[in-house]
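Tertiary structure, described
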Amino acid sequence: MKNMKSTNIKKLSVLSILGLGFIIALTITGCKASQAVSNKSGAQLWAENCQRCHNTPSPSTFSPDQWETVGLHMQSRSLITEEERNKIVGFLKQQ
Ligand code: HEC
């Protein structure tokens, strides 16, 4: 009986170590994913996010100020982060 108990405790600690490893692995992959986003250029983010719903209007369509407004408006539509919006708007304003 005494043996059984300690075996169970061992099993439990092995399980919690595995669980912890799993959580750490998830955290690391999470960081890698967000790093991948920040490595993307404004042009790339624009191409990936802005033509899901409509054809992407050419950068020369609007003035820099107008792109700023469009960015705010479309950020709420496309559910991109502020960082992504800034990159996309930065790219659109340069053209
Ligand atoms: C979820 C769908 C969706 C996504 C994603 C999206 N748009 Fe739009 N967009 C719309 C709709 C719908 C309109 C029509 C105007 C309105 O009702 O908001 C529009 C209109 C526009 C217009 C016309 C000017 C205006 O503000 O009305 C521009 C320019 C534009 N989008 C740019 C973008 C850019 C740049 C992105 C990427 C950051 C983007 N859109 C992502 C749905 C989307």
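Above this note sits the structure.
Below is a short write-up of the structure. (Residues numbered from 1 in each chain as written. Predicted model: local features only at pLDDT ≥ 70, side-chain atom pairs only at ≥ 80, totals over all residues.)

1. Here's the deal with the nonpolar core
One finds L45, W46, W67, I88, V89 and L92 forming the largest nonpolar core, which totals 6 residues. Mapped by element, the contributors of at least two residues to this core are α2 (42-49) and α4 (82-94). Leave out the neighbours within four places in its chain, and V89 touches W67, E68 and G71. (Core = buried A, V, L, I, M, F, W, Y, C linked by C-beta atoms within 7 Å. Buried ≥ 20, exposed ≤ 12 C-beta atoms within 10 Å, placed from the backbone. Helix = DSSP H or I, 4+ residues; strand = E, 2+ residues; numbered from the N terminus. Contact = placed C-beta atoms within 7 Å.)

2. With respect to the site of the ligand
As a matter of local geometry, the ligand sits amid 13 residues, with C50, C53, M74, R77 and S78 nearest to it. With 5 residues, helix α3 (residues 64-78) is the single largest residue contributor to the shell around the ligand. Residues of the shell around the ligand, tallied by class, amount to 7 nonpolar, 4 polar and 2 charged. (Near = placed C-beta within 6 Å. Nonpolar A, V, L, I, M, F, W, Y, C, P; charged D, E, K, R; others polar.)

3. Some details on α2
Within the sequence span of α2, burial applies to L45, W46 and N49. Around the axis of α2, the buried residues are gathered within 105° of arc, so they sit on the same side. Packed against the buried residues of α2 are α3 and α4. (Arc of directions from axis to C-beta.)

4. Let's talk about α4
With 13 residues, α4 should cover 18 Å at 1.5 Å per step; its first-to-last C-alpha distance of 18 Å lies within 8% of that length. Residues E84, R85, K87, I88, V89 and L92 constitute the buried set of α4. (Expected span 1.5 Å × (residues − 1).)

5. What to know about unusual backbone geometry
Despite not being glycine, L79 has its phi angle at roughly 55°, a positive value. Relative to the assigned elements, L79 resides in the loop between α3 and α4.

6. Side note on the packing of α2 against α4
For the pair α2 and α4, the least separation of the axes is 8 Å and the interaxial angle reads 105°. Regarding the angle of α2 to α4, the classification is roughly perpendicular. Contacts from G42, A43, L45, W46 and N49 in α2 reach E84, K87, I88, G90, F91 and L92 in α4. Residues belonging to the contact of α2 with α4 are distributed by class as follows: 6 nonpolar, 3 polar and 2 charged. (Axes fitted to C-alpha atoms, helices over the stretch in contact; angles between N-to-C directions. Parallel < 35°, antiparallel > 145°, perpendicular 65-115°, else oblique.)

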